[in-house]
Amino acid sequence: MSAKAEHYIDVRKQIAAVIAGETSRTARLATASCLLREMFGERFFWTGFYEVDPAKPTELVVGPYQGTMGCLRIPFGKGVCGAAAATGETQRVEDVHAFPGHIACDSRSNSEIVVPVRDADGRLVAVLDIDSTEFGAFDAEDQAGLEAICGELLTIA
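Note that the coordinates shown come from a computational prediction; the quantities given were computed from them, not determined experimentally.

## A look at the pattern of salt bridges
And then number 1: By the definition in use, this model includes ten salt bridges.
And then number 2: Across the salt bridge formed by Asp142 and Arg43, the nearest N and O atoms sit 2.9 Å from each other. One end of the pair, Asp142, is in helix H4 (residues 140-153); the other, Arg43, is in the loop between helix H2 (25-40) and strand S1 (46-53), with 99 residues separating them in the sequence.
And then number 3: Taking relative accessible area as the criterion, Asp142 reaches 0% and is therefore assigned buried.
And then number 4: A salt bridge links Arg123 to Asp121; its shortest N-O distance comes to 3.3 Å.
And then number 5: Bridged by salt links that share partners, the residues Lys4, Arg43, Asp139 and Asp142 form one connected network.

## Quick notes on the pairing of strand S6 (residues 124-132)
Two faces belong to every sheet, and in a regular strand the side chains alternate between them.
And then number 1: Most of S6 is tucked away, with nine of its nine residues classed as buried.
And then number 2: In this structure, S1 lies alongside S6, joined through six bridges in antiparallel fashion. Its bridge partner lying in S6, Thr47 is registered against Ile130.
And then number 3: Counting the residues in the hairpin turn of strand S5 (residues 111-118) and S6 gives five residues, including Gly122, whose phi is positive at 85°.

Cut-offs applied
Along each chain, residues carry numbers from 1 onward, in the same order as the chain's sequence is written. Residues qualify for local features only when their pLDDT is at least 70, as the model is predicted, and side-chain atom pairs are given and counted only at 80 or more; totals for whole chains, interfaces and linings, by contrast, use all residues. Side-chain measures were taken over the full set of non-hydrogen atoms in the model, leaving aside hydrogen atoms and water. Basic side-chain nitrogens of Lys or Arg form a salt bridge, by our definition, when they fall within 4 Å of a carboxyl oxygen of Asp or Glu. Here a strand is any run of E in DSSP of at least two residues, a helix any run of H or I of at least four, and the numbering for each starts at the N terminus. Exposure classes here rest on a 1.4 Å probe applied to the protein chains alone. A residue is buried below 20% of its type maximum, exposed above 50%, and partly exposed in between. Think of it this way: DSSP has to see at least two bridges between two strands before they count as a pair.

Set out below in structure tokens:
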């Protein structure tokens, strides 16, 4: 097992331990964004969540995050986050500047991974968005680790 895979296992355990028994979705998302940023440092230039807005269910609104100013709202289908929300599938983009409809919240971001987050009933409630200043910063190992974390984030008690 690679060191990166071990880091994902460690941070997954840390997140699960801290959020155990926590009923606040905000607290759970804030904890995950903080611990992921702490574990992976500057490679995770922007780490946070965009939540599905209950009042506008085809829009994402910025939630808890670590990093520079994020976009406030993103329509489903627009940019990498909107694509993940619209398709319900993880988006891993090596060069965001080549992604059709990319939204440049911070011009220093060069690659991005966005993972859907579902509640216990399987409804999409958020996406985890991680940007890097490096091109091609995310691989299949990152995707597997982040999908495992997001799969448990709002479903474990």
